[in-house]
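# Residue-level structure breakdown
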Amino acid sequence: MLTSYFTLRRFFCCRASFEATAFTAPKKNLVFLGSPQMHYLMPLKIRVQTFSNSHPTTFWKGQREEADAISYCSACLGQRIPSRPHTHTTEGWRGTVNIHPSLLPLYRGAAPVQRALQDGVTETGVSLAYTVRALDSGPIIASEKVPVDDIIKAPDLLTMLFKIGSGLLLRELPHILDGIAKLKAQPQDHSKASSAPKLTNDESCLSFDQDAKTIHNKVRAFADWPGTRAKFQVIDMNGNANVVEIKITTTRISDATDVDGGGNEIIYSRSALLVPCAGDSWLEVLELQPPGKKVMSARDFWNGLRGQKLKLPQKALSHI
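With that out of the way, let us pick up the confidence of the model for the protein chain. Of the residues in the protein chain, 67% have a pLDDT of 70 or more, and the chain-wide mean is 79. The model gives residues 16–25 a pLDDT under 50, and that stretch makes 14 contacts with residues more than four places away or in other chains. A low-confidence stretch, residues 49–81 stays under pLDDT 50, and its non-local contacts, those more than four residues away or across chains, total 103 contacts.

Below you can see the structure in the form of structure tokens.
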């Protein structure tokens, strides 16, 4: 698994600076901010000069020894990247290139994959673009479209897009270094731009006042972090109700039309918990995580109830 591609963006800053001797071919020096996947750079004979986990806006300050690096890559979450290093040696500087996991100008910002899944898109992609002062607004060097099904979750889609983006970067890097990419890059249509703000923990609560499709898309989008959670009532044999907050990890939209349930009651069918949602729709919960326990299947959770009933809290019933 390409674990380093779980970050939200990748940047390369480029200078046309080379080292050569009479016995070796020119080598391209590379400085990484973050954790790179080294094998992707092997075909380009790029030499890694330095690793750093410094914040990208402070990395270049006082780093005179890095002035000969032609490229650096950083992993960050919506953080500002400098347009050039803070050194006196900037001759031949080629700019900063961003691997952005969306089809720019759509979903500019820190969470493009998550916001796209939350919107239920059927197609997204990855863009290779120059960075400018405005967020994710630079000219596009290359892009590739990717179809999106209704099952994939954000971490898996993010990994896929950065793998494709790495291929785009390797293909275009020679043109970036010789300046051709700058000439062919296409400006973005800013009138079609949309934003992808950073996720917050406050957004993780599910509301069953929404339809099942909206909730399912949110579960996929918020997978990994911050996750999605919902409150349920567990009714014991004596009719006593205990409200528990459960993390919902895997869902699907139910196609059932003859569900034998009423009001706020949650039933078990076809290895899933069927939860009533707005618009007479039903959400199938396939995997969940009760408080203090590991992620488990709906079957194991239901068996653990030992005959107790499961219902939605009263305040979640305005749609019923």
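The subject of this paragraph is helix 5 (residues 298–305). An α-helical segment advances 3.6 residues per turn. Residues three or four places apart therefore align on the same side. For helix 5, the complete set of buried residues consists of Ala298, Phe301 and Leu305. End-on, the buried residues of helix 5 take up no more than an arc of 65°, which puts them together on one face. Taken from the residues just after helix 5, Arg306 is the one with a positive phi, measuring 50°.

Right, let's talk about the pattern of salt bridges for a bit. For the structure on display, the rule yields 7 salt bridges. A salt bridge links Arg252 to Glu284; the nearest nitrogen and oxygen atoms lie 2.4 Å apart. Taken together, the residues span a long stretch of sequence, with Arg252 in strand 9 (residues 241–253) and Glu284 in strand 12 (residues 282–289) at a distance of 32 residues. For Arg252, a relative accessible area of 35% translates into the label partly exposed. For Glu284, a relative accessible area of 1% puts it in the buried group. Overlapping salt bridges bring together Arg252, Asp255, Arg270 and Glu284 as one network.

Right, let's talk about the side chain of Thr250 for a bit. Here Thr250 lies in strand 9. We classify Thr250 as buried; its relative accessible area is 15%. For Thr250, the side chain forms a polar contact with the side chain of Lys153, separated by 2.7 Å. Residues in contact with Thr250, not counting those within four places in the same chain, are Lys153, Val219, Glu284, Val285, Leu286 and Glu287.

With that out of the way, let us pick up the packing of aromatic side chains. Across all of its chains, the model carries 2 aromatic pairs by this definition. Judged by centre distance (6.0 Å) and plane angle (50°), the rings of Phe208 and Phe232 are tilted. Placement of Phe208 in the loop between helix 3 (180–184) and helix 4 (212–221) and of Phe232 in strand 8 (residues 228–235) is noted, with a sequence separation of 24 residues between them. In this structure Phe232 comes out as buried when scored by relative accessible area, which is 4%. The interplanar angle of 15° and the centroid separation of 5.7 Å between the aromatic rings of Tyr268 and Trp302 together place this pair among those described as stacked. Residue Tyr268 is found in strand 10 (residues 265–269), and its partner Trp302 is found in helix 5; the two are separated by 34 residues along the sequence. The cationic tip of Lys182 hangs over the ring face of Tyr130; the distance from NZ or CZ to the ring centre is 4.3 Å. A cation over an aromatic ring shows up here: Lys218 above the ring of Phe222, its NZ or CZ 5.5 Å from the ring centre.

The rules behind each value
Residues numbered from 1 in each chain as written. Predicted model: local features only at pLDDT ≥ 70, side-chain atom pairs only at ≥ 80, totals over all residues. Heavy atoms only, no water. pLDDT = per-residue confidence, 0-100. Contact = heavy atoms within 4.5 Å. Buried < 20%, exposed > 50% of the residue type's maximum accessible area, 1.4 Å probe, protein only. Helix = DSSP H or I, 4+ residues; strand = E, 2+ residues; numbered from the N terminus. Arc of directions from axis to C-beta. Salt bridge = Lys/Arg side-chain N within 4 Å of Asp/Glu carboxyl O. Polar contact = N/O pair within 3.5 Å; in protein donor to acceptor, adjacent residues only side chain to side chain. Phe/Tyr/Trp six-rings, centres within 6.5 Å; stacked < 30°, edge-to-face > 60°. Lys NZ or Arg CZ within 6 Å of the ring centre and 35° of its normal.

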